[in-house]
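# Fold and contact review
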Amino acid sequence: MNEKLQNVMRFSGQKYANPKLVYLLGLFGLLLVVAAGWLWFSDSTASRATERALEQGNRVLEQVMEPVASLKSVLADEQVNALAERAINNPSATGELLAYVQQRAAQVIAVTVYSTEEISRLDAATIGTNGYAVLDLALSALEGKRSLMQVHSVLKPPLLFDAVPIRKGEVVVGVMIISADPSFLLQSFEPEYSALGYV
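Residues numbered from 1 in each chain as written. Predicted model: local features only at pLDDT ≥ 70, side-chain atom pairs only at ≥ 80, totals over all residues. Heavy atoms only, no water.

This part takes up the side chain of Thr94. Note on placement: Thr94 falls in helix α4 (residues 94-104). A polar contact is formed between the side chain of Thr94 and the backbone oxygen of Pro91, at a distance of 2.8 Å. Every residue in contact with Thr94, bar those within four places of it in the chain, is listed here: Ala87, Val111 and Val113. (Helix = DSSP H or I, 4+ residues; strand = E, 2+ residues; numbered from the N terminus. Polar contact = N/O pair within 3.5 Å; in protein donor to acceptor, adjacent residues only side chain to side chain. Contact = heavy atoms within 4.5 Å.)

Laid out in structure tokens, this is it:
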């Protein structure tokens, strides 16, 4: 009886592990490691792609803003303001104003000046098919609002317009409106097409 009891105790003290279960747990652990590695790699790749997209976006913005800033600086020039002020009272001086502007910004096609009195009674319909947009642009400039360049696609071909106030000292005496070829905005824009495949 004593021997039987000892045999039972020896039997219950032995531990058995199913080899299939061991392999299954090992495989599960390996899959967890692979999944974690894949998630880290995909997250790292996505972060790099986002950074590249942001860099390209900033470069594109700089390329587009550069010609805009260049034209804005010409329109804000003191000599341009002096010539525009003279052209308000002497319409024949508009040619000299246009020539001076075109020397520094060849994309400008035409220049028009209005005194504050003229603008207040100007009929937009007499300006053309884009008259209301031009008048709104001029009034915004006179009110001291930041002028935004506008491309008027109702015209054939489309033209870009901008307006700046004409000052005599600290007093606004009129507004100058320029029209330009809008393609100059894209002249320095050279997008990278290598990543697009076939277009």
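Read on for the rest.
Moving on: the confidence of the model for the protein. Considering every residue of the protein, the mean pLDDT works out to 77; 74% of them sit at 70 or more. Note on residues 193-199: pLDDT under 50 across the span, and 0 contacts to partners over four residues away in sequence or across chains. (pLDDT = per-residue confidence, 0-100.)

With that settled, consider the nonpolar core. Counting 24 residues, the largest nonpolar core has Leu71, Leu97, Val108, Val113, Met176 and Ile178 as its most contacted members. The element best represented in this core is helix α3 (residues 78-89), accounting for 5 residues. If near-sequence neighbours (up to four positions away) are discounted, Val113 is found in contact with Ala84, Ala87, Ile88, Thr94, Leu97, Glu118, Ile166, Val175 and Met176. Judged by nonpolar contacts, the second largest core, of 14 residues, contains Ile119, Leu159, Phe161 and Val175. (Core = buried A, V, L, I, M, F, W, Y, C linked by side-chain atoms within 4.5 Å. Buried < 20%, exposed > 50% of the residue type's maximum accessible area, 1.4 Å probe, protein only.)

With that settled, consider the pattern of salt bridges. Per the stated rule, a full pass over the model turns up 3 salt bridges. Where Arg104 meets Asp77, a salt bridge forms, and the shortest distance between an N and an O atom there is 3.1 Å. In this pair, Arg104 sits in helix α4 while Asp77 sits in the loop between α2 (19-75) and α3, placing the two residues 27 residues apart along the sequence. With a shortest N-O distance of 2.2 Å, Arg86 and Glu96 are connected by a salt bridge. (Salt bridge = Lys/Arg side-chain N within 4 Å of Asp/Glu carboxyl O.)

To continue, consider the packing of α3 against α4. Angle between the axes and distance between the axes: these two values describe a pair of packed helices. Their axes nearest at 8 Å, the elements α3 and α4 cross at an angle of 160°. On the basis of their axis angle, the class for α3 and α4 is roughly antiparallel. Where α3 crosses over α4, the two elements pack in a sense that is left-handed. Here Gln79, Val80, Leu83, Ala84, Arg86 and Ala87 of α3 lie close against α4, whose contacting residues are Thr94, Glu96, Leu97, Tyr100 and Val101. (Axes fitted to C-alpha atoms, helices over the stretch in contact; angles between N-to-C directions. Parallel < 35°, antiparallel > 145°, perpendicular 65-115°, else oblique. Left-handed = near helix turned anticlockwise from the far one by under 90°.)

Residues Leu27, Leu30, Leu31 and Val34 make up a contiguous nonpolar surface patch of roughly 390 Å² in combined accessible area. With a relative accessible area of 52%, Val34 lands in the exposed category. (Patch = residues over 30% accessible without salt bridge, like charges linked within 9 Å, V, L, I, M, F, W, Y side chains within 5 Å. Areas by Shrake-Rupley, 256 points an atom, 1.4 Å probe, with all protein chains shown as cover.)

Let us now look at α3. Taking 1.5 Å of rise per residue, 12 residues should cover 16 Å, and α3 covers 18 Å from first to last C-alpha, within 8% of that figure. Three or more residues of α3 are buried, namely Val80, Leu83, Ala84, Ala87 and Ile88. Along α3, the residues classed as buried sweep out an arc of 150° about the axis, all on the same side. Residues of α3 that are exposed and point over 90 degrees away from its buried face: Glu78 and Asn89. (Expected span 1.5 Å × (residues − 1). Arc of directions from axis to C-beta.)

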